[in-house]
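Here's the letter readout for the chains.
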Amino acid sequence: SGREAWFEAWRDARTGYPIVDAGMRELRATGFMHNRVRMIVASFLTKDLLIDWRRGERHFMQHLLDGDLANNNGGWQWAAGTGTDAAPYFRIFNPISQGERFDADGAYVRRWVPELAALPDALLHRPWEGAPLLLASAGVTLGETYPAPIVDHAEQRQAALEMYGVLKGGAGA
């Protein structure tokens, strides 16, 4: 199914969103991920891909060296907008702006997604916006050397808000 392919892309760091893929690669390689990146990849799984937070929680517990059941479970529920602190269900991290804000110089993405390392900073967190010639000069071919985004963040954000709106008692609630 589509969602299963999306989960596999998330798990295997092939989402096409550099900060998400960098975090998932770091997790697999080291058993660690910075807390900011944990929030970004959790938001991406639950709100962009609309996949049950428990799948992400299980994946993290299988790979985190500092995995703590209560912290991991609570963090995933927070990211998904469920559980005891569910008020910010509408909080949806934008993986592009989060990358630009918290990895402005691109050091994190360049370390974990080296196939994008030659891109200029302005395109590093949004390579699909690069002109084909510029991408080629950096050794990047979307869909070959690095995946194109598996979803459109703006569209998925709207779908998530509509879904949560229904759960809250109607789109206007």
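This text follows the structure it describes.
Criteria and cut-off values
Residues numbered from 1 in each chain as written. Predicted model: local features only at pLDDT ≥ 70, side-chain atom pairs only at ≥ 80, totals over all residues. Heavy atoms only, no water. Core = buried A, V, L, I, M, F, W, Y, C linked by side-chain atoms within 4.5 Å. Buried < 20%, exposed > 50% of the residue type's maximum accessible area, 1.4 Å probe, protein only. Helix = DSSP H or I, 4+ residues; strand = E, 2+ residues; numbered from the N terminus. Axes fitted to C-alpha atoms, helices over the stretch in contact; angles between N-to-C directions. Parallel < 35°, antiparallel > 145°, perpendicular 65-115°, else oblique. Left-handed = near helix turned anticlockwise from the far one by under 90°. Contact = heavy atoms within 4.5 Å. Nonpolar A, V, L, I, M, F, W, Y, C, P; charged D, E, K, R; others polar. Salt bridge = Lys/Arg side-chain N within 4 Å of Asp/Glu carboxyl O. Expected span 1.5 Å × (residues − 1). Polar contact = N/O pair within 3.5 Å; in protein donor to acceptor, adjacent residues only side chain to side chain. Phe/Tyr/Trp six-rings, centres within 6.5 Å; stacked < 30°, edge-to-face > 60°. Lys NZ or Arg CZ within 6 Å of the ring centre and 35° of its normal.

S.K.: Can you walk me through the nonpolar core in this structure?
M.R.: One broad trend across soluble globular proteins is that nonpolar side chains are buried collectively. Residues Trp10, Val20, Met24, Met33, Val41 and Phe60 are the most contacted members of the largest nonpolar core, which totals 43 residues. Elements with a minimum of two residues in this core: helix H1 (2-11), helix H2 (18-30), helix H3 (35-48), helix H4 (53-63), helix H5 (69-80), helix H7 (107-112) and helix H10 (153-167). For this core, the element with the highest residue contribution is H3, accounting for seven residues.

S.K.: Sorry if this is basic, but what is going on with the packing of H1 against H4 here?
M.R.: Helix-helix packing is described using two parameters, namely the angle between the two axes and the distance between the axes. Close contact between H1 and H4 brings their axes to 12 Å; oriented N to C, the two are set at 30°. In terms of orientation, H1 and H4 fall into the roughly parallel class. Note on packing geometry: the crossing formed by H1 with H4 is right-handed. Between H1 and H4, the residues in contact are Glu4, Phe7, Trp10 and Arg11 and Arg55, Gly56, His59 and Phe60, respectively. For the contact of H1 with H4, the per-class residue count stands at three nonpolar, two polar and three charged.

S.K.: Just to check I follow, could you spell out the pattern of salt bridges for this structure?
M.R.: One side chain can pair with another of opposite charge once the charged atoms of both are near each other. All told, the structure shown has nine salt bridges when counted by the stated rule. Salt-bridge contacts for Arg54 lead to Asp52; the nearest nitrogen and oxygen are separated by 2.4 Å. When its relative accessible area of 44% is taken as the criterion, Arg54 is described as partly exposed. The closest approach of N and O atoms between Glu129 and Arg126, which form a salt bridge, is 3.2 Å. Under the relative-accessibility criterion, Glu129 is labelled partly exposed at 48%.

S.K.: Teacher, can you tell me more about H3 here?
M.R.: Residues separated by three or four positions in an α-helix point in the same direction, a consequence of the helix having 3.6 residues per turn. Its 14 residues place the ends of H3 19 Å apart at the C-alpha level, agreeing with the 20 Å of an ideal helix rising 1.5 Å per residue. The element H3 is largely enclosed, with a buried count of twelve among its 14 residues. When we look at burial in H3, the residues that qualify are Val37, Arg38, Met39, Ile40, Val41, Ala42, Ser43, Phe44, Leu45, Thr46, Lys47 and Asp48. At the exit of H3 stands Leu50, carrying a positive phi of roughly 55°.

S.K.: Is there a simple way to explain the side chain of Arg38 in this structure?
M.R.: Take Arg38: it is sitting in helix H3. For Arg38, the side chain forms a polar contact with the side chain of Asp66, separated by 2.9 Å. If we ignore the near neighbours within four places in the chain, the residues touching Arg38 are Phe32, Met33, Phe60, Leu64 and Asp66.

S.K.: Looking at this model, I keep getting lost on the packing of aromatic side chains. Mind explaining?
M.R.: By convention here, two paired aromatic rings are described through the distance between centres and the angle between planes. Across all of its chains, the model carries seven aromatic pairs by this definition. An angle of 80° between the planes, with centres 6.0 Å apart, marks the rings of Trp10 and Trp76 as edge-to-face. With a gap of 66 residues between them, Trp10 in helix H1 and Trp76 in helix H5 connect regions that are remote in the sequence. In this pair, the class of Trp10 matches that of Trp76, namely buried. Between Phe60 and Trp76, the aromatic rings sit 5.0 Å apart at their centres with planes inclined by 85°, giving edge-to-face as the arrangement. Here Phe60, found in helix H4, pairs with Trp76, found in helix H5; they are 16 residues apart in sequence, far enough to count as distant. Taken together, the ring pairs in this structure connect Phe7, Trp10, Phe60 and Trp76 into an aromatic cluster. Directly above the aromatic system of Phe32 lies the positively charged group of Arg38, at a separation of 5.4 Å from the ring centroid. The side chain of Arg55 reaches across the aromatic face of Phe7, ending 3.8 Å from its centre.

S.K.: For this particular structure, what's the right way to read unusual backbone geometry?
M.R.: Apart from glycine, the bulk of residues carry a negative phi angle, and the bulk of peptide bonds sit in the trans form. Positive phi is not limited to glycine here, since Ala13 has a value of about 60°. With respect to the helices and strands, Ala13 occurs in the loop between H1 and H2. Ala13 gets classed as buried once you look at its relative accessible area, which sits at 3%. A positive phi angle is found at Leu50, which is not glycine, with a value near 55°. Structurally, the position occupied by Leu50 is in the loop between H3 and H4.

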